[in-house]
Amino acid sequence: MNQLYRLAAAALACLLAACASTPAPAPLADTLARNPQLSTFNRLVQQAGLQEQLRAAGPLTVFAPSDEAFKAVPAKTLDALAANPAELKAVLSYHLLNVKLAAADVQTGNAKTVQGAPVALARAGEFVTVEDAMVQQADIMATNGVAHVIDRVLTPPKK
């Protein structure tokens, strides 16, 4: 009987350790903030005041450019965006959809962004693209949607 108690205690300890090491589900703003390859995106989301939108009930899909993607954008362009909150919000909103779209659910066609303009989506096997950006890391699940890390910064069409 003593052995049974020890076995049960060991199983419980393992279960508790596994739960403690797995982050609790969180909204997209918090989920993306924990991703070290998205520090630029997260900083710009804060500057644009989009954190609350990424914490809202959703559903949302975020195509989040990696830090490497932002390095390809000229510094002058990033500085201009940082100085113009409305333009920054428009650019970042062009990376958001008001629908939860996992990579396997992507179909070739256009989807309307939160910014208002459509983006071209495509999937070929495991490869997913949005406009001319390739999804590098798909299906980062959050309580209010899903995010995909992309290799380019998307630019909304001029109105």
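Residues numbered from 1 in each chain as written. Predicted model: local features only at pLDDT ≥ 70, side-chain atom pairs only at ≥ 80, totals over all residues. Heavy atoms only, no water.

**Quick word on the pairing of strand β1 (residues 60-65)**
Link 1 in the chain: Here β1 lies mainly inside the structure; six of its six residues are buried.
Link 2 in the chain: Going residue by residue along β1, you find L60, V62 and A64 tucked away on one face and T61, F63 and P65 tucked away on the opposite face as well.
Link 3 in the chain: Across six bridges, the pairing between β1 and strand β7 (residues 145-150) is parallel. Across the sheet, A64 pairs through a bridge with V149, a residue of β7.
Link 4 in the chain: As defined by bridge partners, β1 adjoins strand β2 (residues 96-97) across two bridges and the pair is classed as antiparallel. (Buried < 20%, exposed > 50% of the residue type's maximum accessible area, 1.4 Å probe, protein only. Helix = DSSP H or I, 4+ residues; strand = E, 2+ residues; numbered from the N terminus. Pairing = 2+ DSSP bridges.)

**Digging into the pattern of salt bridges**
Link 1 in the chain: Tallied over the full model, the rule gives four salt bridges.
Link 2 in the chain: Residue D30 pairs with R55 through a salt bridge whose shortest N-O separation is 2.9 Å. Placement of D30 in helix α2 (residues 28-33) and of R55 in helix α4 (residues 51-55) is noted, with a sequence separation of 25 residues between them.
Link 3 in the chain: The exposure class assigned to D30 is partly exposed, which follows from its relative accessible area of 26%.
Link 4 in the chain: With its nearest N and O atoms 3.4 Å apart, the salt bridge here joins R55 to E52. Placement of the pair is R55 and E52 together in helix α4, with a separation of three residues, close to one helical turn.
Link 5 in the chain: What makes R55 partly exposed here is its relative accessible area of 33%. (Salt bridge = Lys/Arg side-chain N within 4 Å of Asp/Glu carboxyl O.)

**What to know about the confidence of the model for the protein chain**
Caution is warranted with low-pLDDT regions, since their predicted coordinates should not be read in detail.
Link 1 in the chain: Residues of the protein chain with pLDDT of at least 70 account for 84%, and the chain-wide mean is 88.
Link 2 in the chain: A low-confidence stretch, residues 7-21 stays under pLDDT 50, and its non-local contacts, those more than four residues away or across chains, total zero contacts. (pLDDT = per-residue confidence, 0-100. Contact = heavy atoms within 4.5 Å.)

**Considerations on the nonpolar core**
For soluble globular proteins, the rule of thumb is that nonpolar side chains tend to be buried together.
Link 1 in the chain: Among the nonpolar cores identified, the biggest contains 25 residues, and L28, F41, L54, V62 and L92 are the most heavily contacted of them.
Link 2 in the chain: Of all the elements in the fold, those that place two or more residues in this core are α2, α3 (39-48), β1, α6 (75-83), α7 (85-93), β6 (133-142) and β7.
Link 3 in the chain: The residues contacting L54, other than those within four sequence positions of it, are P27, L28, A29, V45, L60, V62, L96 and N144.
Link 4 in the chain: Counting 16 residues, the second largest nonpolar core, distinct from the first, contains Y94, V106, A111 and A117. (Core = buried A, V, L, I, M, F, W, Y, C linked by side-chain atoms within 4.5 Å.)

**Quick word on the sheet that holds β2**
Link 1 in the chain: With mixed pairing, the seven strands of this open sheet are ordered in space as β2-β1-β7-β6-β5-β4-β3. Since the sheet does not close on itself, it has two edges, and those belong to β2 and β3 (109-112), each with one partner.

**Description of α3**
Link 1 in the chain: Within the span of α3, buried status applies to T40, F41, N42, L44, V45 and A48.
Link 2 in the chain: Those residues of α3 that are buried are in contact with α2, α4, β1, α5 (67-71), α6 and α7.
Link 3 in the chain: Looking one or two residues beyond α3, the residue adopting positive phi is G49, at roughly 75°.

**What about the environment of L96?**
Link 1 in the chain: Relative to the assigned elements, L96 resides in strand β2.
Link 2 in the chain: With relative accessibility at 2%, the residue L96 sits in the buried group.
Link 3 in the chain: Between the C-alpha atoms of L96 and K112, which are 16 residues apart in sequence, the distance is 8.8 Å.
Link 4 in the chain: Contact partners of L96, with chain neighbours within four places excluded, come to Q53, L54, T61, V62, T113 and V114.

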